[in-house]
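As a plain string of letters, each chain reads:
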Amino acid sequence: MRSKATLRTGLCALVILLAAPLAALAQDDASEKEIERYREMINDPMANPGYLAVDRGETLWAEKRGTKNVSLESCDLGEGPGKLEGAYAHLPRYFKDADQVMDIEQRLLWCMEKIQGFDTKAIRAKPFSGPGRGSDMEDLVAFIANKSNGMPIAIPLTHPKEKQAYAIGEALFFRRGAINDFSCSTCHGEPGKRIRLQALPQLDVPGKDAQMTMASWPTYRVSQSALRTMQHRLWDCYRQMRMPAPDYGSEVVTALTVFLNKQAEGGELNVPSIKR
């Protein structure tokens, strides 16, 4: 029979073992609350640098450019030529003139080429802003997306090509690959997952997590001192999974966005948001 001293020692060891993860959870919760408090402090148009991108995008939308020397104001983003309110909330969608399902950035590139006669080769090569380099696309997306603030995400899924894009996006979400054998669902396919101090939303099912996530992009990333779009977010996810990075404006990113926005249906847009 074990002695009382041995039992006490065993109980003490058990308490220590249990206390460590509990303390870590408490610390994580406290950190998350502080991060959220910080976000609330700066998530205001007067404090959010993302609104500078909105202003620049408004100028670009009306600026005459390209070989045709016209603005983008006649670009049809799905609601009719030049109509911006609600357009972002209903993208990606099928466009008959292009015979393709497009997200906001694909559609803007198409309008630049077809309406303005603009050579988008340089934009496609370096679409994201970096040190000492801005991004017309990030600015335009910020401006257009902001016009749908307060509106629910509601993408159409009636055309056969929209349904096909959704099916491809769903398959891509769960497809594992590359040296880490990761997929989108590795990080976003279960509730309660975290990476470092960051809570990871569950996106494999429709609901609040998907709504809050998709309704908050584009966003100003404090850690990168830049506004980022969903194209950048998914490109960066592929990079972190050690998969080949998708081309800018690719059908892969559009298909994933169709799937994710359908999961987020009903989420109320509030952009540009601000994130770490």
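About the criteria used
The written sequence of each chain sets the order in which its residues are numbered from 1. The predicted nature of this model means local features are confined to residues of pLDDT at least 70 and side-chain atom pairs, given and counted, to a pLDDT of 80 or more, with totals for whole chains, interfaces and linings taken over all residues. Hydrogen atoms and water are omitted, and side-chain values are computed over all heavy atoms in the structure. We count a stretch as a helix when DSSP gives it H or I for four or more residues in a row; a strand needs E for two or more, and each element gets its number in order from the N terminus. Relative accessibility decides the category of a residue: with a 1.4 Å probe and only protein chains considered, values under 20% of the type maximum give buried, values over 50% give exposed, and everything between is partly exposed. Residues count as neighbours in contact if any of their non-hydrogen atoms are within 4.5 Å of one another. A 1.4 Å probe and the Shrake-Rupley method give the accessible areas. Residues count as covered only by the protein chains that appear here. Pairing between two strands is assigned when DSSP locates at least 2 bridges connecting them. Only the stretch in contact is used when fitting a helix axis, every axis being a line fitted to C-alpha atoms; angles between N-to-C directions are given from 0 to 180 degrees. The term polar contact refers here to a pair of N or O atoms within 3.5 Å; inside protein, the definition further demands a hydrogen-donor-capable atom paired with an acceptor-capable atom, and it admits residues adjacent in sequence only when both atoms are side-chain atoms. Pairs of cysteine sulfur atoms within 2.5 Å are identified as disulfides in what follows. Whether two aromatic rings pair depends on their centres lying within 6.5 Å, for rings of Phe, Tyr and Trp, where Trp uses its six-membered ring; planes under 30 degrees apart make the pair stacked, over 60 edge-to-face, and the rest tilted. Whether a charge sits over a ring comes down to the Lys NZ or Arg CZ being within 6 Å of the ring centre and within 35 degrees of the ring normal. By definition here, a helix of n residues has an expected span of 1.5 Å times n minus one. The directions from the helix axis to the C-beta atoms are what the arc is built from. Nine residue types can take part in a nonpolar core, namely buried Ala, Val, Leu, Ile, Met, Phe, Trp, Tyr and Cys, and a core is a set of them joined through side-chain atoms within 4.5 Å.

Notes on the overall build of the protein chain
Item 1. The number of helices and strands found in the protein chain is 10 helices and 7 strands.
Item 2. A burial count over the protein chain gives 45% of its 276 residues as buried.
Item 3. Put simply, of all contacts in the protein chain between residues at least 6 apart along the chain, 67% involve residues at least 24 apart.
Item 4. Taken as a whole, the protein chain presents about 14,700 Å² of accessible surface, with 57% of it coming from carbon and sulfur.

Description of the sheet that holds strand E5 (residues 219-221)
Item 1. Strand order in the open sheet formed by 3 strands is E6-E5-E7, and the pairing between neighbours is mixed. Edge positions in the open sheet fall to strand E6 (226-228) and strand E7 (273-275), since each of these has one partner strand only. Neighbouring strand axes in the sheet, compared pairwise and without regard to direction, differ in orientation by 35 degrees on average.
Item 2. Where E5 lies against E7, 3 bridges are found, and the strand directions are parallel. Counted as the bridge partner of Tyr220 is Ile274 from E7.

Structural notes on the side chain of Gln231
Item 1. With respect to the element layout, Gln231 can be found in helix H9 (residues 230-240).
Item 2. For Gln231, a relative accessible area of 2% translates into the label buried.
Item 3. A polar contact of 3.3 Å, which involves the side chain of Gln231, links it to the backbone nitrogen of Gly249.
Item 4. If sequence neighbours within four positions are ignored, Gln231 has contacts with Asp103, Glu105, Phe128, Tyr248, Gly249, Ser250 and Val253.

Remarks on the state of the cysteines
Throughout this description, disulfide means a covalent bond between two cysteine sulfur atoms.
Item 1. One pass over the structure, following the stated rule, counts 1 disulfide.
Item 2. With no disulfide partner, Cys184 has as its closest neighbouring cysteine sulfur the one in Cys237, 6.5 Å distant.
Item 3. On the basis of relative accessible area, Cys237 is assigned to the partly exposed category, the value being 23%.

Re the packing of aromatic side chains
Item 1. The final tally for this structure, using the stated rule, is 5 aromatic pairs.
Item 2. With a centroid separation of 5.4 Å and 45 degrees between ring planes, the pair formed by Phe128 and Trp235 is classed as tilted. Of this pair, Phe128 sits in the loop between helix H4 (121-125) and helix H5 (136-146) while Trp235 sits in helix H9, and the two are 107 residues apart along the sequence.
Item 3. According to the relative accessible area criterion, Phe128 is buried, its value standing at 12%.
Item 4. Residue class for Trp235 comes out partly exposed when judged on its relative accessible area of 27%.
Item 5. Considering the side-chain rings of Phe128 and Tyr248, the 5.7 Å spacing of their centres and the 85 degrees angle between planes classify their relative orientation as edge-to-face. Highlighted residues: Phe128 in the loop between H4 and H5 and Tyr248 in the loop between H9 and helix H10 (251-263), separated in sequence by 120 residues.
Item 6. Site record: aromatic cluster; members linked through ring pairs are Tyr166, Phe173, Phe174 and Phe259.
Item 7. When the ring centre of Phe95 is taken as reference, the NZ or CZ atom of Arg107 above it lies at 4.0 Å.

Things to note about helix H2 (residues 50-62)
Item 1. The end-to-end C-alpha distance of H2, which contains 13 residues, comes to 19 Å, matching closely the 18 Å that a straight helix rising 1.5 Å per residue would cover.
Item 2. Within H2, burial applies to Gly50, Ala53, Val54, Gly57, Leu60 and Trp61. Around the axis of H2, the buried residues are gathered within 125 degrees of arc, so they sit on the same side. Seen from the open side of H2, the exposed residues pointing more than 90 degrees away from its buried face are Leu52 and Thr59.
Item 3. Where H2 is buried, its residues contact helix H3 (104-116), H5, E5 and E6.

Observations regarding the nonpolar core
Item 1. Ranked by size, the top nonpolar core spans 62 residues in total, and within it Trp61, Leu77, Ile104, Leu108, Met112 and Ile144 carry the most contacts.
Item 2. If we ignore the near neighbours within four places in the chain, the residues touching Ile104 are Leu77, Tyr88, Leu91, Val141 and Ile144.

Some thoughts on the environment of Ser250
Item 1. Along the chain, Ser250 falls in the loop between H9 and H10.
Item 2. Classification of Ser250 as buried rests on a relative accessible area of 13%.
Item 3. When sequence neighbours within four positions are dropped, the list of residues in contact with Ser250 reads Gln106 and Gln231.
Item 4. Within the local environment of Ser250, its side chain forms a polar contact with the backbone nitrogen of Val253, the two atoms lying 3.4 Å apart.

Things to note about H3
Item 1. Its 13 residues place the ends of H3 17 Å apart at the C-alpha level, agreeing with the 18 Å of an ideal helix rising 1.5 Å per residue.
Item 2. With 11 of 13 residues buried, H3 lies mostly within the body of the structure.
Item 3. Within H3 the residues assigned to the buried category are Ile104, Glu105, Gln106, Arg107, Leu108, Leu109, Trp110, Cys111, Met112, Ile115 and Gln116.
Item 4. Looking at the residues trailing H3, positive phi occurs at Gly117, about 65 degrees.

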